[in-house]
Amino acid sequence: KQEVTQIPAALSVPEGENLVLNCSFTDSAIYNLQWFRQDPGKGLTSLLLIQSSQREQTSGRLNASLDKSSGRSTLYIAASQPGDSATYLCAVYGNTDKLIFGTGTRLQVFP
Amino acid sequence: GAVVSQHPSWVICKSGTSVKIECRSLDFQATTMFWYRQFPKQSLMLMATSNEGSKATYEQGVEKDKFLINHASLTLSTLTVTSAHPEDSSFYICSAPGLARSYEQYFGPGTRLTVT
């Protein structure tokens, strides 16, 4: 059974710091991994999608890497801003045809 | 890009009543849709897979008689919470997969259900 864990569970940093959020999964047989952002009381915003054949994806200040063999992904946020404050979720899609979500990281960036 | 809508965005109902939530793919067809539930400060948990033209597949521990799913067409899936109780209060989100090659999931904005 696929299990997805995110570390840390919560993070509070001053504005301007570079951040690394971690995601690990137990079954490396995945098709892709997605990173999402969720604001309080809101739905999901897709940030980055990494296919199993890819090593990383970049969008603006965000960079996500994937090491499928070791079951790990990292989301790197450069020059963090208060507007980045949200919960970040990773999710893996595998041969069960289901998207399995991680436990989430609650990020707060203060001015 | 692919857009998924949900209706209503929030609903308050009395204990014992039933509530229907709609999930629509607006600009693409979806033979499969997924329903998730999210409790406060927790992650999303998959409840069931909705299949157009056949019965839904429920995850372990989800009562299929309580959470009725109907995939009426290639663009619409509905989740009906029957005989709702306060413990059913939660955030319900649906998703639909995009192109088969990418397996990317597109999510609706969610429905906040409060049972009083």
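Below: a short report on this structure. Counting restarts for each chain, with residues numbered from 1 along the sequence as it is written. Note on labels: chains are lettered from A, ligands numbered from 1, in written order. For a predicted model such as this one, the threshold for reporting local features is a pLDDT of at least 70, and the threshold for listing and counting side-chain atom pairs is 80 or more; totals across whole chains, interfaces and linings nevertheless cover every residue. Calculation of side-chain values draws on the structure's entire complement of heavy atoms; hydrogens and water are dropped beforehand.

### Some thoughts on unusual backbone geometry
Here is step 1 of the chain: With an omega dihedral of 0°, the bond running from I7(A) to P8(A) counts as a cis peptide bond.
Here is step 2 of the chain: Per the convention used, a helix needs a DSSP run of H or I reaching at least four residues, while a strand needs a run of E reaching at least two, with both numbered from the N terminus. Assignment of secondary structure puts P8(A) in the loop between β1 (4–7) and β2 (10–14).
Here is step 3 of the chain: For the bond running from H7(B) to P8(B), omega is 0°, close enough to zero to count as cis.
Here is step 4 of the chain: Within the secondary structure layout, P8(B) lies in the loop between β1 (4–7) and β2 (10–13).
Here is step 5 of the chain: Even without being glycine, A79(A) reaches a positive phi, approximately 45°.
Here is step 6 of the chain: Within the element layout of this structure, A79(A) appears in the loop between β8 (72–77) and β9 (86–94).
Here is step 7 of the chain: What makes A79(A) partly exposed here is its relative accessible area of 36%.
Here is step 8 of the chain: In this model, K41(B) sits at a positive phi of 60°, which is unusual for a non-glycine residue.
Here is step 9 of the chain: Note that K41(B) resides in the loop between β4 (32–38) and β5 (45–51). Exposure classes here rest on a 1.4 Å probe applied to the protein chains alone. A residue is buried below 20% of its type maximum, exposed above 50%, and partly exposed in between.

### Regarding the pattern of salt bridges
Here is step 1 of the chain: Between Lys or Arg on one side and Asp or Glu on the other, a salt bridge is scored when a side-chain nitrogen of the former is within 4 Å of a carboxyl oxygen of the latter. Scanning the model with the defined rule gives five salt bridges over all chains in all.
Here is step 2 of the chain: With its nearest N and O atoms 3.0 Å apart, the salt bridge here joins R37(A) to D39(A).
Here is step 3 of the chain: Judged by its relative accessible area of 16%, R37(A) is buried.
Here is step 4 of the chain: The residue K98(A) makes a salt bridge to E59(B) at a minimum N-O spacing of 2.8 Å. In this pair, K98(A) is assigned in the loop between β9 and β10 (99–101) and E59(B) in the loop between β6 (57–58) and β7 (67–73), connecting two distinct chains.
Here is step 5 of the chain: The exposure class assigned to K98(A) is partly exposed, which follows from its relative accessible area of 22%.

### Observations concerning the nonpolar core
All names here are of chain B.
Here is step 1 of the chain: Counting 24 residues, the largest nonpolar core has W35, F67, L79, Y92 and L113 as its most contacted members.
Here is step 2 of the chain: Those elements giving two or more residues to this core turn out to be β2, β3 (19–25), β4, β5, β7, β8 (76–81), β9 (90–97) and β11 (111–115).
Here is step 3 of the chain: Contact definition: two residues touch when any of their heavy atoms are within 4.5 Å. Beyond its immediate sequence surroundings of up to four residues, L79 is in contact with V19, K20, I21, W35, F67, L68, I69 and Y92. We call a set of buried residues a nonpolar core when its members are Ala, Val, Leu, Ile, Met, Phe, Trp, Tyr or Cys and they connect through side-chain atoms within 4.5 Å of each other.

### Describing the interface of chain A and chain B
The figure often quoted for interface size is the accessible area lost as the parts come together.
Here is step 1 of the chain: On the chain B side, the residues contacting the 21 residues of chain A number 18 residues.
Here is step 2 of the chain: Summed over both partners, the accessible area lost on bringing two parts together, with a 1.4 Å probe, is the buried area. Buried surface at the junction of chain A and chain B, both sides included, amounts to about 1,500 Å², of which 57% is carbon and sulfur.
Here is step 3 of the chain: Polar contacts here mean pairs of N or O atoms no more than 3.5 Å apart (in protein, one a potential hydrogen donor and the other a potential acceptor; neighbouring residues in sequence count only if both atoms are side-chain atoms). At the junction of chain A with chain B, the criterion picks out four residue pairs in polar contact (both at pLDDT 80 or more).
Here is step 4 of the chain: Among the secondary structure elements, those contributing two or more residues to the side of chain A that touches chain B are β4 (30–38), β5 (44–51), β9 and β10 of chain A.

### Focus on the sheet that holds strand β7 (residues 62–67) of chain A
Residues and elements named next belong to chain A.
Here is step 1 of the chain: Within the open sheet, the five strands sit side by side as β1-β3-β8-β7-β6. Their pairing is antiparallel. Each of the sheet's edge strands pairs with one partner strand only, and the pair in question is β1 and β6 (56–59). When strand polarity is set aside, the average angle formed by the axes of neighbouring strands in this sheet is 15°.
Here is step 2 of the chain: DSSP bridges decide pairing: two strands pair if at least two such bridges lie between them. Alignment of β6 against β7, held across four bridges, turns out to be antiparallel. Looking at β7, one finds that Q57 is bridged to A64. A fitted line through C-alpha atoms represents every axis, and for helices the fit uses only the stretch in contact; the resulting angles, taken between N-to-C directions, go from 0 to 180 degrees.

### Considerations on the packing of aromatic side chains
Here is step 1 of the chain: For this analysis, a ring pair means two rings from Phe, Tyr or Trp (six-membered ring only for Trp) whose centres lie within 6.5 Å, classed as stacked if their planes differ by under 30 degrees, edge-to-face if by over 60, and tilted for the remaining angles. In the structure shown here, the tally under the stated rule is eight aromatic pairs over all chains.
Here is step 2 of the chain: Summarising the aromatic geometry, the rings of Y31(A) and Y93(A) are spaced 5.9 Å apart at their centres and angled 40° between planes, so their arrangement reads as tilted. With Y31(A) in strand β4 and Y93(A) in strand β9, this residue pair connects regions lying 62 residues apart in the sequence.
Here is step 3 of the chain: The class of Y31(A) is partly exposed, set by a relative accessible area of 31%.
Here is step 4 of the chain: Y93(A) sits in the buried class, given a relative accessible area of 5%.
Here is step 5 of the chain: Ring pairs connect the aromatic residues F36(A), F101(A), Y36(B) and F107(B), which therefore count as one cluster.

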